[in-house]
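Here is what each chain is made of, one letter per residue.
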Amino acid sequence: MEQQQQCEAWSQFLNFAKTSTSISAFHNWLSPIEVVSHSPEKMVLKVPNIFVKEYLLTNFKQDLLSFVPVLPSGEPALEFVIEKHDRKTRPFLIPQVAPVKPQDEKEEQEAAAFEAQLNSHYRFTTFIEGSSNQFVKSAAIGVANRPGMTYNPLFLHGGVGLGKTHLLHSIGHHIREHHKRLRVQCITTEAFINQIVDSLKNKSIDKLKRFYRSSVDVLLVDDIQFLQNRTNFEEEFANTFETLINQHKQIVITCDKPPTQLKLSERMVARMEWGLVAHIGVPDIETRVAILQAKAEQKGLTIPSTMAFRIAELIHNIRQLEGALNRLSAHSRLMHATINDELIDRTLKDLFHLTPKEKITIETILKGVSSVFQVRVTDLKGHGRTKDIALPRQVAMFLAKELINESLVMIGASFGKTHSTILHACKTIETKVTGDDMLRRQIDMVRRNIDMQSA
Ligand code: ADP
Ligand code: MG
């Protein structure tokens, strides 16, 4: 019969572990483990979540061999059952600082002082979806619908201005609206560090810790890359992080790079990877146009779609796209001018120059085409005329004309062809893309691929 049992061997292990780990780690990770049954052949342990199991095996596998049965393979003979999570009972709420709910008005005010604001424009409804951010958006919605129950932590990463903060705040709004009892704290890493510094100065660090460990149900942390090279704060963050995760409290983190590229301790990187790591990419041209037009509409501005395409083709970063829109809007209002190509050129000239055209080479284009069309660069450079090769080669020529500031003769020379071959290729592709959605998308993918290579 399997039942929860007092187990001498496990008590001995815990006594041993107490001497080799910090008190907080012991309480957060080892105390919640229960022995379900034990025999000379195996021991069955109940853990609150998979992370506790991983923590135990990662840190104590060798030590465990002295206390628990051992398999013929030399591994500890342990079996794990994951505790069914019941929100109401919260069976392992063991924060390092005793959980104190704000009991009177004063304490409530103190807690409110730490709370950060959400940008009211950053909502799921205003976040435009395309193939580059669909996955991330649905992961964010999943977490917002069932905080602490799906992916924890959710780690969102991607380049600057691609909507990470927008999604983070959208999660915050959604939870505040649909799970009214949950207390949401959204904070930038900089602000988190500043709070610690301030509270150390004011000798109120315990209050701050109490706030994070007992008055927060959902923690949204923006730009975790700023934790790099701040060792002291890293530890404080790691402790808060573990306490919250152990209580099934949702954490969402944004970053400009994936966890493995962060210069943080291995322990910290591993924690970032516990849940779901999701990448947010550069939106494709259609999505950029949709974003531009939606933002224009919010400003009461109409941009004809050919012009929206032109702007979105040249500007890939959404924040810059918004900057472009603000300028256009200001100019057209002040000058009472309608938005046309001339106004676009005049007001956005410098933004257009931000695109790294100078750095783009034939090689970069060939590489981009090769990876999207799955053909070899040597074949693109060769003379083979099968359709599989001829079309991607023409695409490479078309993009070379578009992206490289060189004469057709020079571009032709790089391909070992005449300028009229390049011209023919460009015309062919221009005609084909108008009726071939798939080809248009492929070309756009190559453009993004090139952007990434030359960034
Ligand atoms: P990041 O945090 O990744 O640097 P932000 O979330 O601050 O980027 O986004 C920059 C701007 O672009 C914000 O104003 C945001 O509303 C807007 N934005 C980014 N992606 C989208 C999108 N898919 N739909 C609508 N707006 C977007
Ligand atoms: Mg941001």
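Being a predicted model, the structure only gives us computed values, none of them experimental.

(A) Structural detail: the site of ligand 1. The immediate surroundings of ligand 1 are formed by 18 residues, with Ile-128, Gly-161, Thr-165, His-166 and Glu-322 found nearest. The backbone of Ile-128 places a nitrogen or oxygen atom 2.7 Å from a nitrogen atom of ligand 1. Between ligand 1 and the protein, one listed contact pairs an oxygen atom with a side-chain N or O atom of Arg-319 at 2.8 Å. Elements with a contribution of two residues or more to the shell around ligand 1: helix 6 (164–178), helix 11 (285–298) and helix 13 (318–334). Looking at the shell around ligand 1 residue by residue, the class counts come to seven nonpolar, seven polar and four charged.

(B) Spotlight on the pairing of strand 3 (residues 78–82). Of the pairings in the sheet, the one linking strand 2 (residues 43–47) to strand 3 comprises five bridges and is parallel in character. Each residue of the ladder has a partner; that of Val-47, found in strand 3, is Ile-82. As for the winding sense of the linkage, the β-α-β connection from strand 2 through helix 3 (residues 50–64) to strand 3 is right-handed.

(C) Looking closely at the sheet that holds strand 2. What the three strands build is an open sheet, ordered 1-2-3; its pairing is mixed. With partners counted over all chains shown, the strands left at the sheet margins are strand 1 (34–38) and strand 3, one partner each. Strand-to-strand twist in this sheet, taken as the mean axis angle between neighbours without regard to direction, amounts to 25°. Note: strand 1 against strand 2, four bridges, orientation antiparallel. Opposite Ser-37, over in strand 2, you have Val-44 as the bridge partner. Contacting strand 2 and strand 3, helix 3 crosses the sheet at an angle of about 165° to strand 3.

(D) Examining the packing of aromatic side chains more closely. By the definition in use, this model includes ten aromatic pairs. Centroid distance Phe-13 to Phe-16: 6.5 Å. Interplanar angle 40°. Geometry classified as tilted. Of this pair, Phe-13 and Phe-16 both sit in helix 1 (residues 8–19), three residues apart, which is roughly one turn of the helix. With centroids separated by 5.7 Å and ring planes inclined at 70°, the aromatic side chains of Phe-13 and Phe-67 adopt a geometry described as edge-to-face. Of this pair, Phe-13 sits in helix 1 while Phe-67 is found in the loop between helix 3 and strand 3, placing the two residues 54 residues apart along the sequence. Owing to a relative accessible area of 0%, Phe-13 belongs among the buried residues under this scheme. Following the ring pairs from residue to residue traces out a cluster consisting of Phe-192, Phe-211, Tyr-212, Phe-237, Phe-241 and Trp-274.

(E) Up close: the confidence of the model for the protein chain. Summary statistics for the protein chain give a mean pLDDT of 84 and a share of 89% for residues scoring 70 or more. The element-level mean pLDDT for the protein chain is lowest in helix 4 (residues 105–114), coming to 54, with strand 7 (residues 250–255) highest at 97. A low-confidence stretch, residues 86–104 (pLDDT under 50), is modelled with 43 contacts involving residues beyond four sequence positions or located in other chains.

(F) Seen up close, the pattern of salt bridges. Counted according to the given criterion, the structure contains 23 salt bridges. Residue Arg-447 pairs with Glu-313 through a salt bridge whose shortest N-O separation is 3.7 Å. Highlighted residues: Arg-447 in helix 20 (residues 437–454) and Glu-313 in helix 12 (residues 305–314), separated in sequence by 134 residues. With a shortest N-O distance of 2.7 Å, Arg-440 and Asp-437 are connected by a salt bridge.

(G) How the structure looks around the sheet that holds strand 4 (residues 154–157). As summarised here, the arrangement of the five strands in space is 5-6-7-4-8, forming an open sheet in which the pairing is parallel. The sheet is open, and its two edges are formed by strand 5 (184–188) and strand 8 (276–279), each paired on a single side. The sheet shows a mean angle of 15° between the axes of neighbouring strands, taken without regard to direction. Where strand 5 and strand 6 (residues 218–222) come together, five bridges link them in parallel fashion. Following the sheet pairing, Ile-187 is matched in strand 6 by Val-221. Of the strands in this sheet, strand 4, strand 7 and strand 8 touch helix 5 (residues 134–145), which is tilted by about 140° from strand 8. Against the sheet, helix 6 engages strand 4, strand 5, strand 6 and strand 7, with an angle of about 165° to strand 6.

(H) Structural detail: helix 6. Helix length check: helix 6 (15 residues) gives 21 Å between terminal C-alpha atoms against 21 Å at 1.5 Å per residue, within 8%. Most of helix 6 is tucked away: eleven of the 15 residues are buried. For helix 6, the full list of buried residues reads Lys-164, His-166, Leu-167, Leu-168, His-169, Ser-170, Ile-171, Gly-172, His-173, His-174 and Ile-175. Looking at the buried residues of helix 6, the elements they touch are helix 5, strand 4, strand 5, strand 6 and strand 7.

(I) Here's a closer look at the packing of helix 11 against helix 12. Direction vectors running N to C along helix 11 and helix 12 enclose 115°, while the axes themselves pass 9 Å from each other. Considering only the axes of helix 11 and helix 12, their crossing is right-handed. Counted together, Ile-285, Arg-288, Val-289, Leu-292 and Gln-293 of helix 11 and Ser-305, Ala-308, Phe-309, Ile-311, Ala-312 and Glu-313 of helix 12 form the full contact between these two elements. The residue inventory of the contact of helix 11 with helix 12, partitioned by class, reads seven nonpolar, two polar and two charged.

(J) Geometry of the packing of helix 7 (residues 189–201) against helix 8 (residues 205–214). Packing of helix 7 against helix 8 brings their axes to within 8 Å, and their N-to-C directions diverge by 145°. In contact with Phe-192, Gln-195, Ile-196, Ser-199 and Leu-200 of helix 7, helix 8 contributes Ile-205, Leu-208 and Tyr-212. Across the contact of helix 7 with helix 8, the residue classes break down as six nonpolar, two polar and no charged.

Definitions and limits used
- Residues numbered from 1 in each chain as written.
- Chains lettered and ligands numbered in written order.
- Predicted model: local features only at pLDDT ≥ 70, side-chain atom pairs only at ≥ 80, totals over all residues.
- Heavy atoms only, no water.
- Near = heavy atom within 4 Å.
- Polar contact = N/O pair within 3.5 Å; in protein donor to acceptor, adjacent residues only side chain to side chain.
- Helix = DSSP H or I, 4+ residues; strand = E, 2+ residues; numbered from the N terminus.
- Nonpolar A, V, L, I, M, F, W, Y, C, P; charged D, E, K, R; others polar.
- Pairing = 2+ DSSP bridges.
- Right-handed = clockwise from strand over helix to strand, strands pointing away.
- Axes fitted to C-alpha atoms, helices over the stretch in contact; angles between N-to-C directions.
- Contact = heavy atoms within 4.5 Å.
- Phe/Tyr/Trp six-rings, centres within 6.5 Å; stacked < 30°, edge-to-face > 60°.
- Buried < 20%, exposed > 50% of the residue type's maximum accessible area, 1.4 Å probe, protein only.
- pLDDT = per-residue confidence, 0-100.
- Salt bridge = Lys/Arg side-chain N within 4 Å of Asp/Glu carboxyl O.
- Expected span 1.5 Å × (residues − 1).
- Left-handed = near helix turned anticlockwise from the far one by under 90°.

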